[in-house]
Amino acid sequence: MRHSNHAGRGRRLPIWAAGLFAVIVAGCGVSADGSAPPSAAPTPVVTPDPHLKEPVAADDIYRDIGRGGVKISSVNANLGQGNPDIIKQINADLGGWPLRIVEYRSSAVLTRALAWTPGEAPGGDEAPYAFAGLNILITFGPISARAPSVPEPVRARAAAALVAVLDPLLWPLAQRSVAAIPSRTPSPVATPTPTAKPTVKPTARPTAKPTAKPTKKP
């Protein structure tokens, strides 16, 4: 038994050796925790282009207006009521005012049907606000035989909210309104075509005049 006890005590480390071993282990642990792996570079976020491509459906614009935070409700729809240029018209309501979303067959057909003069105010049988982009026409407000007048501010704010939603979708957005609403995206500016510079004809070098021969005196 004594031999067994002595053998067990003989396998123990001295106190100073045990302390040194603990310091080495602790130092290794701090080094392992302190060295952080290199962080990966952040992946760039790609912003999707919201601009729609022609042809655009009236149903898509109706849904996009609602997704943009403008609360509208559908009243009815028709297929153009015999107008061959129109595919579909959605009649909706926005804050108690009629809102119409008209889908034309193409942007060329829409431009020809409107024949708007830039900067001209709406007249009789036209809505106070009208916005056109690609093959879509949106009109907002009542229509009567008289030319519309400037509405109250709450209607103007609703029209501005419409422009904020429609502008990136149907850009460039044309409008015919009683009070113009600035869009977020400026209209494209036409780049002037460089004109060819006229070629400069080389000027003829002056030729030396022949000197007159002296006449013999009589």
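What counts and what doesn't
- Residues numbered from 1 in each chain as written.
- Predicted model: local features only at pLDDT ≥ 70, side-chain atom pairs only at ≥ 80, totals over all residues.
- Heavy atoms only, no water.
- Phe/Tyr/Trp six-rings, centres within 6.5 Å; stacked < 30°, edge-to-face > 60°.
- Helix = DSSP H or I, 4+ residues; strand = E, 2+ residues; numbered from the N terminus.
- Buried < 20%, exposed > 50% of the residue type's maximum accessible area, 1.4 Å probe, protein only.
- Polar contact = N/O pair within 3.5 Å; in protein donor to acceptor, adjacent residues only side chain to side chain.
- Contact = heavy atoms within 4.5 Å.
- Pairing = 2+ DSSP bridges.
- Core = buried A, V, L, I, M, F, W, Y, C linked by side-chain atoms within 4.5 Å.

*Asks:* What is the right way to look at the packing of aromatic side chains in this model?
*Replies:* The geometry of an aromatic ring pair comes down to the distance between the two centres and the angle between the two planes. In the structure shown here, the tally under the stated rule is 3 aromatic pairs. Seen in terms of ring centroids, Trp97 and Phe140 are 5.2 Å apart; in terms of plane orientation they differ by 70°. Their pairing is edge-to-face. Of this pair, Trp97 sits in strand β3 (residues 97–104) while Phe140 is found in strand β5 (residues 136–140), placing the two residues 43 residues apart along the sequence. The residues Trp97 and Phe140 share a single accessibility class, namely buried. Pairing Tyr129 with Phe131 gives two aromatic rings, centres 6.5 Å apart and planes at 15°, and the pair type is stacked. Classification of Tyr129 by relative accessible area gives buried; the value is 2%. A network of ring pairs unites the aromatic residues Trp97, Tyr129, Phe131 and Phe140 as a single cluster.

*Asks:* What is the right way to look at the side chain of Asn78 in this model?
*Replies:* Here Asn78 is to be found in strand β1 (residues 73–78). Within the local environment of Asn78, its side chain forms a polar contact with the backbone nitrogen of Gly80, the two atoms lying 2.9 Å apart. For Asn78, the residues in contact, after removing those within four places along its chain, are Ile87, Lys88, Gln89 and Asn91.

*Asks:* Honestly, the pairing of strand β2 (residues 86–94) in this entry has me stumped. Any pointers?
*Replies:* Consecutive side chains of a regular strand alternate in pointing toward one face of the sheet and then the other. Of the strand pairs in this sheet, β1 and β2 are connected by 5 bridges, and their pairing is antiparallel. Opposite Ser73, over in β2, you have Asp93 as the bridge partner. Joining the antiparallel neighbours β2 and β3 is a turn of 2 residues, in which Gly95 adopts a positive phi near 60°.

*Asks:* What exactly am I supposed to notice about the nonpolar core here?
*Replies:* Buried together is how nonpolar side chains tend to be arranged in soluble globular proteins. The biggest cluster of nonpolar side chains holds 27 residues, and the ones touching the most others in it are Ile61, Ile65, Ile101, Phe140, Leu162, Leu166 and Leu170. In terms of residue count, the dominant contributor to this core is helix α5 (residues 153–170) (8 residues). If sequence neighbours within four positions are ignored, Ile101 has contacts with Ala58, Ile61, Tyr62, Ile65, Lys88, Gln89, Ile90, Ile136, Leu137 and Ile138. Ranked by size, the runner-up nonpolar core spans 8 residues in total, among them Ile86, Val109, Leu110 and Ala132.

*Asks:* How should I be thinking about the environment of Val109 in this particular structure?
*Replies:* Mapped onto the elements of the fold, Val109 is located in helix α4 (residues 107–114). Spatially, the C-alpha atoms of Val109 and Asn135 are 7.8 Å apart, while their sequence positions differ by 26 residues. Those residues within four positions of Val109 in sequence are excluded, and the remaining contacts are Asp85 and Tyr104.

Just geometry here; none of it tells us what the structure is for.
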